[in-house]
Protein chains: 2
Amino acid sequence: MNECTYNKQVEKWDVFEASVKGHSAGNPFIDYTIEGIFKSKNELKKVDGFYDGDGIYKVRFMPSFEEEYQFEITGSFAEEPYRGSFEAVAPSEENHGPVRVANTYHFAYEDGTPYYSIGTTCYVWSLQSEQLQKQTLKTLEENTFNKMRFCIFPKHYDYNLNEPISYPYEGNPCDSSVLTKENFLEYMGSAPGNDWDFKRFNPKHFQMFEERVKDLMDLGIEADIIVMHPYDRWGFSEMDAECDDLYWNYVIARLSAYRNVWWSLANEYDLFPKKTTEDWERYASIICEKDAYNHLRSIHNCKPFYDYSRPWITHCSIQRQDIYKTGELVDEWRIRYKKPIIIDEIAYEGNIQHGWGNISGKEMVRRFWETTCRGGYAGHGETYMHPEDILWWSHGGQLHGDSPERFRFLLRIMKETPGMGLVPMKASWDEVASTVERTIPGESGYYLYYYGFNRPSFREYYFDDVHEYQAEIIDTWNMTIENAGIFKGRFKIELPGHEYMAVRIRKE
Amino acid sequence: MNECTYNKQVEKWDVFEASVKGHSAGNPFIDYTIEGIFKSKNELKKVDGFYDGDGIYKVRFMPSFEEEYQFEITGSFAEEPYRGSFEAVAPSEENHGPVRVANTYHFAYEDGTPYYSIGTTCYVWSLQSEQLQKQTLKTLEENTFNKMRFCIFPKHYDYNLNEPISYPYEGNPCDSSVLTKENFLEYMGSAPGNDWDFKRFNPKHFQMFEERVKDLMDLGIEADIIVMHPYDRWGFSEMDAECDDLYWNYVIARLSAYRNVWWSLANEYDLFPKKTTEDWERYASIICEKDAYNHLRSIHNCKPFYDYSRPWITHCSIQRQDIYKTGELVDEWRIRYKKPIIIDEIAYEGNIQHGWGNISGKEMVRRFWETTCRGGYAGHGETYMHPEDILWWSHGGQLHGDSPERFRFLLRIMKETPGMGLVPMKASWDEVASTVERTIPGESGYYLYYYGFNRPSFREYYFDDVHEYQAEIIDTWNMTIENAGIFKGRFKIELPGHEYMAVRIRKE
């Protein structure tokens with residue numbers, strides 16, 4: 001009989017983990033199988049386990065019901081199967097379950113709580129020094145972001161020439177002492193001198209990564225995991241199909257029991273020189289087959305969009321394609337794809353040389369409001385020049401910009417909407433307006449108008465002659481809400497003639 | 001023999017005018033003809049004269065050569081023709097002749113001096129009180145605008161409910177005491193109570209208008225005359241074809257000898273409920289036939305563009321169609337129309353309720369630079385709330401905004417270009433770049449980069465390994481030019497990481 005350790009009690013939507021000893025001869029990552037079957041009154045699920053090094057295999061599972069679970073762990077990893085049971089208990093207050101698509105264009109946690117995405121990006125924060133990782137977590141704790149996009153693989157790019165604290169595979173990296181800001185592009189892909197065994201994972205790398213996923217979970221932050229990306233000098237972006245598939249299976253086996261996981265198949269999928277649509281579709285089919293929990297799935301573009309109408313894609317994870325129109329295109333994309341729209345890359349607040357990383361905090365916040373009031377979600381990132389090249393966008397650390405504090409205010413406004421999310425509404429040509437969906441169109445009783453860079457000194461509104469409406473003037477930049485009064489029929493609201501104003505009107 | 005008065009000497013490109021007495025019985029505007037034939041060594045031109053009231057007929061002519069002119073005035077207006085001669089002398093320093101299209105996309109005065117259009121709009125400034133007109137002229141004198149768009153007919157619209165100081169026809173207007181900000185739209189077109197004789201012009205109206213055209217000429221400002229517009233309660237926008245044609249012929253006879261005249265067939269041609277493309281084309285054919293000097297001709301849209309590829313249209317007079325992209329579309333329009341692009345309405349600086357009239361000075365100046373660096377020209381207007389509803393955009397008066405002083409700086413930059421205008425240049429995806437045309441492509445030796453709302457802390461440039469280049473950092477908002485040094489090969493310019501910066505690079 002194997003040794004097996006696990007907790008007898010776990011919260012619903014939390015990670016149940018069983019550790020078992022097994023064979024370590026040969027290459028345990030490919031030579032043996034391990035599988036868990038989990039059974040309760042309401043569900044029956046089969047999941048892959050994985051080799052975690054030092055002769056230890058693990059099986060993870062996320063229960064979706066508060067009830068008794070039986071499990072059986074089988075496979076060639078050991079001589080005999082292991083059986084056991086545990087109790088899934090009520091979730092704690094902050095545990096709302098995984099995020100799901102809700103109401104076609106929006107999101108909610110599995111317990112029904114609306115989820116209004118305010119994302120940020122720190123591509124390789126979990127591969128920086130321990131001290132920097134701690135600082136990142138502290139910054140996240142002090143801010144309002146509820147989604148983080150980051151990578152499993154290390155990153156090679158401008159401002160990203162240092163070595164990561166660990167590698168996902170056994171082996172040795174190419175020599176990075178030759179790299180400079182001027183020549184790094186020549187080393188993209190599989191640079192000379194790499195020596196990796198793509199069939200032997202480094203469990204420590206994944207253990208640390210999972211700790212960070214858990215840290216985010218504890219902070220109420222969704223982990224939008226970028227499984228592949230092209231900013232690479234180690235050859236991780238150019239493995240063959242067999243090794244790619246091994247990697248996908250390993251990642252899914254390790255990570256899918258974490259309720260806050262989202263799958264981002266790739267960042268800038270179109271920049272991989274050697275991947276085809278067939279490859280991406282194959283990875284997607286592996287996720288669909290092996291992720292027992294149906295976590296959210298998308299893929300992020302540099303230039304051309306991936307075909308977001310593919311059935312496996314749960315939401316659009318967009319990089320803006322136009323320099324001047326970003327959130328402004330959300331209406332179009334909603335109509336085209338009938339899925340939630342997240343503009344994960346809407347440009348970053350900062351002042352680096354690249355045009356994708358040097359907009360002002362005001363423009364960033366404007367893009368968030370524009371996106372939100374058109375029924376979409378935007379993502380933040382920050383790229384201010386830093387004496388040690390620590391830029392939030394890749395490394396995490398501290399925030400220096402003006403936009404983050406305004407997202408707390410925006411999130412407050414979103415949380416005060418009566419529905420599951422905003423719906424763009426036909427209004428004047430020169431205003432962005434939204435409402436919330438109700439059974440009778442146009443009868444939501446909630447209206448949010450946003451004026452962006454326009455500076456009207458007043459606006460007129462009309463809904464009906466019967467009801468009273470409470471109007472508020474929102475300064476989205478200065479984060480104030482001013483009661484404008486209660487109105488009936490046709491009415492006029494005086495505005496300060498500044499940029500970035502909104503008006504919220506609710507039926508009494 | 002008739003009495004005839006005229007000057008024996010006139011500057012080239014100035015207005016020669018002969019006044020003659022003629023029949024005043026019946027309706028002199030339609031019952032009699034009058035025509036002038038002008039002949040010199042280099043030209044032979046036939047122009048219509050017009051009835052100016054009080055038994056006086058006039059014939060105007062703009063000589064294009066410095067030489068002796070003979071003329072003959074004929075027609076049924078009098079029993080006998082009149083003949084005479086005058087001398088066209090060298091133009092004074094500020095008289096460069098009429099503006100022509102130059103180098104496909106640009107403009108130059110007839111003497112070859114480049115004309116870089118910095119327009120503004122005061123739709124009915126010449127129909128305001130004498131005092132206000134004087135103030136407008138003073139403001140123009142203190143500013144740098146070199147084109148003014150304004151109307152012959154009075155205007156009826158929001159902030160434009162007062163009566164004009166004169167009407168173009170004999171008769172009486174409808175009652176305006178009933179008009180309010182709330183109901184004025186119901187009175188658009190031919191409101192009840194108008195009583196006009198559309199076959200009897202009011203010469204005083206046109207005399208005053210011409211004085212204003214002349215005032216602008218003296219200030220070096222082109223008069224972009226809006227001959228028709230739809231913001232009307234007097235029925236001037238809904239006359240029948242016979243009266244329309246009479247009006248066009250009268251206007252052309254009176255105004256075309258002024259060198260600073262441009263013909264704008266209409267403002268927002270697409271808002272006239274009763275005019276068809278056939279009508280506009282007919283007016284255009286009248287101008288082409290009767291304007292002996294080929295003044296610039298265009299027509300301005302509200303929403304859909306007129307077909308700017310029509311051969312009679314000399315340049316595109318555009319109202320931006322997209323809220324977010326204005327000057328950004330100049331490149332496309334240049335390619336599509338192969339004509340100069342003027343975005344005459346790019347939104348106005350101000351704070352009124354309408355989205356077309358409440359952008360900031362910063363956004364206005366950004367749009368000008370964006371337009372300029374893409375090889376086009378932009379137009380200004382101002383709509384700040386005013387206690388007496390005196391808004392520059394319609395009434396003239398004083399300027400209150402932040403943008404006008406920045407146009408002087410922009411014009412200086414334009415005047416320092418070596419060529420006839422800027423040509424958009426392929427550059428990085430995140431910068432707007434232009435050069436000037438030269439025989440060898442890419443060998444102009446002049447480069448202007450604009451970064452708009454992007455805030456790079458530095459940028460890198462490369463032209464060749466051989467020549468030295470002088471680089472300057474231009475703050476388009478603070479109106480400073482800083483010498484960045486002389487560079488060769490690949491070089492880097494440090495920038496302040498602010499919005500609205502430009503870099504000018506010139507070959508040594």
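Only a predicted model underlies this, so the values are computations on that prediction, with no experimental measurement involved.

Caption draft 1: Highlighting the sheet that holds strand β11 (residues 106-109) of chain A. All names here are of chain A. Ordered by their spatial adjacency, three strands build an open sheet running β10-β11-β12, and the pairing between neighbours is antiparallel. Since the sheet does not close on itself, it has two edges, and those belong to β10 (99-102) and β12 (114-115), each with one partner. Where β11 and β12 come together, two bridges link them in antiparallel fashion. Looking at the pairing, F107 lines up with Y115 of β12.

Caption draft 2: Spatial organisation of the environment of W393 of chain A. Residues and elements named next belong to chain A. Checked against the element boundaries, W393 lands in helix α8 (residues 392-395). For W393, a relative accessible area of 2% gives the class buried. Taking the C-alpha atoms as reference points, W393 and G381, twelve residues apart in sequence, are found 5.2 Å from one another. Residues within four places of W393 in sequence aside, it is in contact with T121, C122, Y123, K155, Y157, D158, Y159, N160, Y348, W356, E382 and T383.

Caption draft 3: Layout of the sheet that holds strand β13 (residues 119-121) of chain B. Residues and elements named next belong to chain B. Taken in spatial order, the eight strands of this open sheet run β19-β18-β17-β14-β13-β23-β21-β20, and their pairing is parallel. Each edge of the open sheet is held by one strand with a lone partner, namely β19 (297-298) and β20 (316-319). In this structure, strand β21 (residues 341-345) lies alongside strand β23 (residues 377-380), joined through two bridges in parallel fashion. Residue I342 lies in a different strand from β23, and its bridge partner there is Y377. Against the sheet, helix α6 (residues 330-337) contacts β20 and β21, and its axis sits at roughly 125 degrees relative to β21.

Caption draft 4: The arrangement of the interface of chain A and chain B in detail. With 38 residues of chain A at the contact, the number on the chain B side is 38 residues. Summing both partners gives a buried area of about 3,000 Å² for chain A against chain B, and 54% of it is carried by carbon and sulfur. Interface area lost by chain A to chain B is led by Y324, W429 and R455 of chain A, which between them contribute 25%. The tally of links between chain A and chain B comes to two salt bridges. At the boundary of chain A and chain B, one finds 24 residue pairs in polar contact (both at pLDDT 80 or more). Mapped onto the side of chain A that touches chain B, the elements with two or more residues apiece are β22 (349-350), α7 (361-372) and β28 (458-462) of chain A. The element that contributes the greatest number of residues to the side of chain A that touches chain B is α7 of chain A, accounting for four residues.

Cut-offs applied
- Residues numbered from 1 in each chain as written.
- Chains lettered and ligands numbered in written order.
- Predicted model: local features only at pLDDT ≥ 70, side-chain atom pairs only at ≥ 80, totals over all residues.
- Heavy atoms only, no water.
- Pairing = 2+ DSSP bridges.
- Helix = DSSP H or I, 4+ residues; strand = E, 2+ residues; numbered from the N terminus.
- Buried < 20%, exposed > 50% of the residue type's maximum accessible area, 1.4 Å probe, protein only.
- Contact = heavy atoms within 4.5 Å.
- Axes fitted to C-alpha atoms, helices over the stretch in contact; angles between N-to-C directions.
- Buried area = accessible area lost by both parts, 1.4 Å probe.
- Salt bridge = Lys/Arg side-chain N within 4 Å of Asp/Glu carboxyl O.
- Polar contact = N/O pair within 3.5 Å; in protein donor to acceptor, adjacent residues only side chain to side chain.

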